[in-house]
Amino acid sequence: MKNFHLLFFTFILSTSFTGCENNKIEEQPMTPKTIELTPASEMVISGSNRFGIDLFTRVALDETRNLTLSPLSASAALTMLLNGTSGETFSQLSTALGYPETMSIEEINLAYKSLVSQLLAADPVVELALANAMFYRQDFHVKRNFVQAMESDFDATIKGLDFTQQSAVDAINKWASDNTKGKIPRVIDNIDPLMRLFLMNALYFKGNWINAFDKSQTSNMPFFLNDNSMIEVPTMSGKFMVRSIFNDRYHAVELPYGRGNFSMIVVVPQNQDLKSFLRYFTPSTWDLITSAIDAQKAETSIEIYLPRFQYDFNKTLNQPLKDMGIINAFDPNLADLSGISDVRDLFVHFVNQNTHIEVNEEGTTAAAVTTIGIGVTSVGPPPFAANRPFLFFIRERTTNTLMFAGQVLNPLD
């Protein structure tokens, strides 16, 4: 097996983070623990990186507000869904997630399970938790093979609920809150009568900086908005030994947590606004930044100025995922979720992500919950009412020979 340092999770935690007690950090080794990955796991991470950057940039280019996404949480939930797909639905989802065509679903699940177990054990100072769940309507039959995959490979909480009762909404929201330590207390307001099950992933991170900022050095400093107007924001400052990259496109620094396994990489565009930079920011750009940082053998002491910030974000990801090639899963006429149930009109109604982020002098707290809502189309066709101008056609059915065609604009005319 090959030693692999976590480029993927560095990005995940550049969009979701948190802290611990300073005295604990001092007691721990200050060098990252090497995580041993199989070749299959390396391929999974490489593909997941591409998925994460692609998803992030698509959402960011469309947003005019602060945002936080967790590619890891989205990837985990969609990989759970992948276990229930077949045919073209499977191919589209697997390709978008970056999984090699040669990998079976069993190999994908094994690589995911191995990676998660090692991530959770990488740094005892950093608090990291990842949980999965499947909540289904209690009278809906879920195939045993799918249930077994959720139990064995994803260690998922599995529970049947009465979706007609408020108690089901409360149970789902309680699970989200419990697994994000209250940072995300609500992910659904009600359950549509067409819904049959929810697949969910929750991710929680809390880590202290290796080099904490001195609170006494935090002060209001200028921050320039996209329209070039200026505001003053509480800004942390300090001089630290860090790895950084500076060129005519961007300035990037890496701020590590705990023993150094996890870090935040902050990237500030140079000579262009953020939207212009995002159009240039691709998975290859991310690889260049992280590779250049990892290649540095020595850190350099530089002044760091970083605003404190805290906010929540919520986004329905249907359209960005469709733009990435996941088409069939969202189409009631094309979705093949036969691995979940024999119900023929089952499809993905929504993929939603709720996130929370707080960055301060001590470190970072971040949480994410990805919720996939799976249901059926409306029960039976709606009533037919020819109560406005309409067309009509008469044909011979066996040959489809069109014999008459007409329009009715006014039945009384």
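Above this text sits the structure in question.
Predicted, not measured: the structure shown is a model, and the values here were computed from it.

Draft legend 1. The arrangement of the pairing of strand β13 (residues 363–376) in detail. Burial runs high along β13: 14 of the 14 residues are buried. By the alternation rule, side chains of β13 split into Gly-363, Thr-365, Ala-367, Val-369, Thr-371, Gly-373 and Gly-375 and Thr-364, Ala-366, Ala-368, Thr-370, Ile-372, Ile-374 and Val-376, which are all buried. For strand β5 (residues 195–208) and β13, the ladder comprises 13 bridges, and the chain directions are antiparallel. Paired with Leu-197 across the two strands is Ile-374, which belongs to β13. Sheet topology note: the strand β12 (residues 346–359)/β13 ladder contains 13 bridges and is antiparallel. Paired with Ile-357 across the bridge in β13 is Ala-366. Remark: three residues form the turn of the hairpin made by β12 and β13, two consecutive strands paired antiparallel.

Draft legend 2. A look at a nonpolar patch on the surface. On the surface, a nonpolar cluster with roughly 230 Å² of combined accessible area is contributed by Phe-223, Leu-225 and Ile-231. In this structure, Phe-223 sits in strand β6 (residues 219–224). You can call Phe-223 partly exposed: its relative accessible area is 38%.

Draft legend 3. Summary view of the pairing of strand β4 (residues 157–161). Summarising the sheet, strand β3 (residues 127–137) and β4 pair through five bridges and their orientation is parallel. Counted as the bridge partner of Ala-133 is Thr-157 from β4. Crossover β3 to β4 through helix α7 (residues 144–152) is right-handed.

Draft legend 4. Expanded view of the environment of Phe-90. Mapped onto the elements of the fold, Phe-90 is located in helix α5 (residues 87–96). Residue Phe-90 is classed as partly exposed on the basis of its relative accessible area, which comes to 22%. Separated by 24 residues in the primary sequence, Phe-90 and Asn-66 place their C-alpha atoms 33 Å from one another. Among all residues touching Phe-90, those that are not within four sequence positions of it are Leu-82, Thr-85 and Ile-105.

Draft legend 5. Quick look at the packing of helix α3 (residues 39–62) against helix α6 (residues 105–120). For the pair α3 and α6, interaxial distance at closest approach is 9 Å and the crossing angle is 85°. With respect to each other, α3 and α6 are oriented roughly perpendicular. Between α3 and α6, the residues in contact are Ala-40, Ser-41, Val-44 and Ile-45 and Ala-111, Ser-114 and Leu-115, respectively. For the contact of α3 with α6, the per-class residue count stands at five nonpolar, two polar and no charged.

Draft legend 6. Just the environment of Ala-367, in detail. In this fold, Ala-367 is placed in strand β13. For the pair formed by Ala-367 and Lys-183, sequence separation is 184 residues and the distance between their alpha carbons is 6.6 Å.

Basis of the calculations
Residues numbered from 1 in each chain as written. Predicted model: local features only at pLDDT ≥ 70, side-chain atom pairs only at ≥ 80, totals over all residues. Heavy atoms only, no water. Buried < 20%, exposed > 50% of the residue type's maximum accessible area, 1.4 Å probe, protein only. Helix = DSSP H or I, 4+ residues; strand = E, 2+ residues; numbered from the N terminus. Pairing = 2+ DSSP bridges. Patch = residues over 30% accessible without salt bridge, like charges linked within 9 Å, V, L, I, M, F, W, Y side chains within 5 Å. Areas by Shrake-Rupley, 256 points an atom, 1.4 Å probe, with all protein chains shown as cover. Salt bridge = Lys/Arg side-chain N within 4 Å of Asp/Glu carboxyl O. Right-handed = clockwise from strand over helix to strand, strands pointing away. Contact = heavy atoms within 4.5 Å. Axes fitted to C-alpha atoms, helices over the stretch in contact; angles between N-to-C directions. Parallel < 35°, antiparallel > 145°, perpendicular 65-115°, else oblique. Nonpolar A, V, L, I, M, F, W, Y, C, P; charged D, E, K, R; others polar.

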